[in-house]
Amino acid sequence: MAGSTLKIQDLHVEIEGNEIIKGLDLQISGGEIHAIMGPNGTGKSTLASAIMGHPSFEITQGSVELDGEDVLEMEVDERARAGMFLAMQYPSEVTGVTTSDFLRTSINANREEGDQIPLMKFIKKMDKQMATLDMDESFSTRYLNEGFSGGEKKRNEILQLLMLEPKIAILDEVDSGLDIDALKVVSNGVNSMRSDDFGCLIITHYQRLLNYIEPDYVHVIMQGRIVKSGDAALAQRLENEGYDWIKEELGIEDERVGQSQEA
Amino acid sequence: MAVETKWTFDSETVKQWAEKQEEPSWLVNKRLDALAQAEHLPLPDPDKTSLKRWKFTSFEKIDAEEPATQSFSDLPQEVSRLAGEESEVQNLIVQRDGKIAYHKVEQELEDNGVIFTDIATAVREHSDLVEKYFMSDAVRTNEHQLTALHTALMNGGVFIYVPKNVELQTPIQTIFWQDDVKTGLFNHVLMVTEANSRLTYLENYVSFTEEEANVNVVTEVYGGQGSEVKYGAIDNLESGVTSYVVRRASLAKDARIEWALGQLNEGHTISENTTYLMGDGSYGDTKTVHVGRGKQTQNFTSDVVAYGKRTEGYILTHGVMKDNATSIFNGINKIEKGGTNSHSEQTGRVLMLSSRARGDANPILLIDEDDVTAGHAASVGKIDPIQMFYMKSRGLSQTEAERLIIHGFLEPVVGALPIEAVKTRLAEVIERKVY
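This report concerns the structure included in the present document. A quick note: this is a predicted structure, and the numbers were derived from the prediction, not measured.

Digging into the sheet that holds strand β5 (residues 172-178) of chain B
Residues and elements named next belong to chain B.
In step 1: Spatially, 10 strands are ordered β2-β1-β5-β7-β9-β11-β13-β15-β17-β19 in an open sheet, and the strand pairing comes out mixed. Across the chains shown, the open sheet's two edge strands, defined by having one partner strand only, are β2 (99-104) and β19 (373-381). Neighbour to neighbour, the strand axes of the sheet diverge by 10 degrees on average, direction disregarded.
In step 2: Summarising the sheet, strand β15 (residues 312-321) and strand β17 (residues 343-352) pair through 10 bridges and their orientation is parallel. Counted as the bridge partner of His-318 is Arg-349 from β17.
In step 3: Against the sheet, helix α9 (residues 398-414) makes contact with β11 (256-263), β13 (283-292), β15 and β17, and its axis sits at roughly 150 degrees relative to β15, the strand it touches most.
In step 4: Here helix α10 (residues 420-434) sits on the sheet and contacts β7 (198-207), β9 (228-236), β11, β13 and β15; the angle it forms with β9, its principal contact strand, is near 30 degrees.

Okay, here's the thing in structure tokens:
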């Protein structure tokens, strides 16, 4: 089988003692694009950050495996080198470090010692991917995310995705704050990654991103769990009808985390 | 040869030594007077650092051996590499323990009447000029014991004189190399830029042994009206060296100086950098980086003092603290009465990489005039864990991510150095000091 498989089983995640994810199962393989949708406060971004090893979140139960390897035992950088990637909703600024230097160092960190990417090859690849994303040349010499607009930060996250070519990528609300043109550009970038070797989990609040990146699977998250899964048609129905019909179907009154147990 | 100890530097010894070097009588007298003062003057008293147990006078002699040759290829590689390839060297003096080990000047200097020579030659050949400026105004002999000792025992350094209206295209570089730990180095850089001249200058202080040693450095810059100086320095003396460093500039009307100082000594260090904005419209910009590691204690003071009207004074200090090191960063912007319409700003940031290290940033604004603008910012902090998470999520190890963050943090000063090769050199020193 081509590509990698990320397998999440019975995942429970806490922040400061509050359980946000409450037993979530999901499997993403190469060649598949999954979308997780859900209203605000249902645990979408927590899921993304926790899988990558964000220091604020504690995983209290369950497992995450990449091709059978225990991801939760890995350091954050080991997860990345194993082939995982997270495009962040709020990427950090790093002053004094150019986007280009950061990317080259990152690419080399993912390669064996003595097999560093040749400078010219790196520059060519970077130029090409920046063109794909319709990014101005000046990006490469600007300090990483410093003074970037919201839209520029998102493009920069996708640029990193295209440069690092992970096996499994999680995109955490890369569509938020993008106008329609930027949304198309970002979607083109993601679509250019599509192959049997690439699996992707798209976390989004809005269906419109999925008009441009067609998902194979759509999952709805409420109260820290996946409550419904389907294909691209599910996303379309959510766009047309909202989430209420799902809540009705499942007898959920408040979809947010922490609301179910008290009833 | 008999081992000399500190107070065998009596007046007779100093007199004989100075006369042997054919120094003019004004200097011999100034030395003897300074030596007498040194015996009763106190040590300097930098804010928040006690110097009681520091050894500033553990050297045995002040007169080092002359290097056997003065050819570039005979310099040790670790010294010559600081200047780059020989073919790229333009104006360079290398001194070993105060004695010339290499000297090259471009024709441009001679054509324009620029003086760039070792201080011992300068006091003989340009006695009047040196006398006019040496330890007279920007730094004075009687400030404390270490300035007095400096005047008495000065045994190395250079004199740079740029005549009126000369805009030097090629930079002037120096390498002050302490090789013999028994020889105390009292190094003096005297720089005079006459009206509307321009100069770019870069210096390196280096040593390679961890044995106990002393270095005492004074720089005096006298910036004439409308002159511009870019002054870059990389201090990288080894861990056994206790050093006292003071670099000051006194600027006339509309004169400018930009300091970019990489203060990367490994041993105990007091380092002061002061710009006196004497003339109206003068401009001083100080950028400094520091890295503290091991058990070293350092005290850094950056001062900009405005006397003139419409002056501008800027201080930017970035420090990285590791291990058990202690550093005090004092930044002082002073605007004297009469310095109307002047502007001053300072920023001090300290990045703590170890909970056992200590780093204090003390920004001070002293304003004696109403009609001015001034601002300051200071912070002491650790690496942001979310930033670290972000960088590691791209595959960078903790060490690599820290390395990038530190380089980025120090970049405002590294980037300000006026020569590309020197930037690379500073980045290397930082690299070695941080990891």
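Observations regarding α9 of chain B
All names here are of chain B.
In step 1: The terminal C-alpha atoms of α9, which comprises 17 residues, lie 23 Å apart, in line with the 24 Å expected from a rise of 1.5 Å per residue.
In step 2: Where α9 bends most, at Gly-408, the angle is about 30 degrees, and the proline Pro-412 comes one to four residues later.
In step 3: Those residues of α9 that fall on the buried side of the exposure criterion are Ala-401, Leu-404, Ile-405, Ile-406, Gly-408, Phe-409, Leu-410, Val-413 and Val-414.

Describing the packing of helix α2 (residues 25-40) of chain B against helix α7 (residues 145-153) of chain B
Residues and elements named next belong to chain B.
In step 1: Close contact between α2 and α7 brings their axes to 7 Å; oriented N to C, the two are set at 150 degrees. Judged by the inter-axis angle, α2 sits roughly antiparallel to α7. Pair α2 / α7 crosses with left-handed handedness. Of the residues in α7, those in contact with Lys-30, Arg-31, Ala-34, Leu-35, Gln-37 and Ala-38 of α2 are Gln-145, Ala-148, Leu-149, Thr-151 and Ala-152.
In step 2: Counted by class, the contact of α2 with α7 contains 6 nonpolar, 3 polar and 2 charged residues.

Re the interface of chain A and chain B
In step 1: Facing the 22 residues of chain A at the interface are 21 residues of chain B.
In step 2: Classifying every residue of the side of chain A that touches chain B by side-chain character gives 12 nonpolar, 8 polar and 2 charged.

What counts and what doesn't
Residues numbered from 1 in each chain as written. Chains lettered and ligands numbered in written order. Predicted model: local features only at pLDDT ≥ 70, side-chain atom pairs only at ≥ 80, totals over all residues. Pairing = 2+ DSSP bridges. Helix = DSSP H or I, 4+ residues; strand = E, 2+ residues; numbered from the N terminus. Axes fitted to C-alpha atoms, helices over the stretch in contact; angles between N-to-C directions. Contact = placed C-beta atoms within 7 Å. Expected span 1.5 Å × (residues − 1). Bend = angle between axes of the 7 residues up to and from the residue. Buried ≥ 20, exposed ≤ 12 C-beta atoms within 10 Å, placed from the backbone. Parallel < 35°, antiparallel > 145°, perpendicular 65-115°, else oblique. Left-handed = near helix turned anticlockwise from the far one by under 90°. Nonpolar A, V, L, I, M, F, W, Y, C, P; charged D, E, K, R; others polar.

By themselves, these are just geometric observations and shouldn't be taken as functional.
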